[in-house]
Amino acid sequence: REYVNEKKAVRERLSKELGLPIKAVKDILQALTYGARLSRSRNEAVYKACSGDMEAVEKVVTHPWLRQYQQTFNQAHETLLGNKKTFKNVMGIICMKSGKSQQMAHLLQGYERLVIDSLIKRSEKGMVALLLHDAIVFYGKVEIKQLEEFVRHDTGFNLRFSEEAY
């Protein structure tokens, strides 16, 4: 919940503690969210986010907060999917992948799509400029609190959105 409630502060704190740019921290958190492992392997997301700096990789894979964060998503996978070989996400799309990261990505992307659909449906015609995997770009100013309320009403998700200039 700390990360959900204080994304910017958590990213800044981790950036300072790990000696990594915010972008790298964000990439690591996103990878862990989708089931990546805290691994020293050159084939894993942590190595790539750290640009191959093994000292940085070591700091990341041993960081207590990141280990707990990863454990949270491991528990979520176990609770939501267990040992299922196939399942449908909320959009009805069947997943036949066996890897935890692929399964979590499929599951979470279904929910992201549900949120994006809500935002599109509730936006004024012609206001949506661009759809990204984790964002919508609007023409002009939109009321963030109103968008959050639309999503809460349509999906039941109590989300907080951030706003950035694009």
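Please refer to the structure higher up on the page.
Asker: What is the right way to read the pairing of strand β4 (residues 135-138) from this model?
Answerer: Looking along a regular strand, one sees the side chains alternate between the two faces of the sheet. Examined bridge by bridge, strand β3 (residues 128-132) and β4 share 4 bridges and lie antiparallel to one another. The partner of Leu-132 across the bridge, within β4, is Ala-135. Between β3 and β4, which follow one another and run antiparallel, lie 2 residues.

Asker: Sorry if this is basic, but what is going on with the pattern of salt bridges here?
Answerer: Close approach of charged atoms allows side chains with opposite charge to pair. All chains considered together, the criterion is met by 11 salt bridges. One salt bridge in this structure joins Glu-163 and Lys-141, with 3.0 Å as the shortest N-O distance. Taken together, the residues span a long stretch of sequence, with Glu-163 in the segment after α8 (144-155) and Lys-141 in the loop between β4 and α8 at a distance of 22 residues. Judged by its relative accessible area of 47%, Glu-163 falls in the partly exposed class. The residue Lys-145 makes a salt bridge to Glu-148 at a minimum N-O spacing of 3.7 Å. A residue pair is termed a helical-turn pair when its members lie 3 or 4 positions apart in one helix, as Lys-145 and Glu-148 do in helix α8 at 3 residues. Note on Lys-145: relative accessible area 62%, which makes it exposed. The structure contains a network of salt bridges with shared partners spanning Glu-2, Arg-13 and Glu-17.

Asker: Help me understand the nonpolar core, please; the structure alone is not making it clear to me.
Answerer: When a protein is soluble and globular, its nonpolar side chains tend to lie buried together. Judged by nonpolar contacts, the single largest core of 28 residues is most densely connected at Leu-14, Leu-20, Leu-29, Cys-50, Val-60, Trp-65 and Leu-66. When residues of this core are assigned to their parent elements, the largest contribution, 5 residues, is made by helix α3 (residues 22-33). Leu-66 has contacts with Leu-14, Leu-18, Leu-29, Leu-32, Leu-38 and Val-60, leaving out every residue within four places of it along the chain. Counting residues in hydrophobic clusters, the runner-up holds 10 residues, among them Ile-136, Phe-138, Leu-147 and Phe-150.

Asker: Can you walk me through the layout of surface pockets in this structure?
Answerer: Take a probe with the size of a water molecule and roll it over the atoms, and the empty space left behind shows itself. Its boundaries defined by the atoms lining it, the largest pocket holds a volume of some 2,400 Å³. Forming the boundary of the largest pocket are 50 residues, of which Lys-7, Asp-134, Leu-159, Arg-160 and Phe-161 lie nearest the centre. Contributions of two or more residues to the lining of the largest pocket are made by α1 (2-5), α2 (7-18), α3, α6 (64-80), α7 (100-122), β4 and α8. Tallying contributions element by element places α7 first for the lining of the largest pocket, with 8 residues. By volume, the second largest pocket amounts to about 160 Å³. Lining the second largest pocket are Arg-122, Ser-123, Glu-124, Met-127, Phe-138, Lys-141, Val-142, Glu-143, Gln-146, Leu-147 and Phe-150. It is α8 that provides the largest number of residues to the lining of the second largest pocket, a total of 3 residues. When its residues are assigned to classes, the lining of the second largest pocket shows 5 nonpolar, 2 polar and 4 charged.

Criteria and thresholds
- Residues numbered from 1 in each chain as written.
- Predicted model: local features only at pLDDT ≥ 70, side-chain atom pairs only at ≥ 80, totals over all residues.
- Heavy atoms only, no water.
- Pairing = 2+ DSSP bridges.
- Helix = DSSP H or I, 4+ residues; strand = E, 2+ residues; numbered from the N terminus.
- Salt bridge = Lys/Arg side-chain N within 4 Å of Asp/Glu carboxyl O.
- Buried < 20%, exposed > 50% of the residue type's maximum accessible area, 1.4 Å probe, protein only.
- Core = buried A, V, L, I, M, F, W, Y, C linked by side-chain atoms within 4.5 Å.
- Contact = heavy atoms within 4.5 Å.
- 1 Å grid on protein atoms, 1.4 Å probe; cavity = no way out; pocket = protein on both sides within 12 Å on 5 of 7 lines; lining within 4 Å.
- Points joined across faces, edges and corners; volume = space filled by probe spheres on them.
- Nonpolar A, V, L, I, M, F, W, Y, C, P; charged D, E, K, R; others polar.

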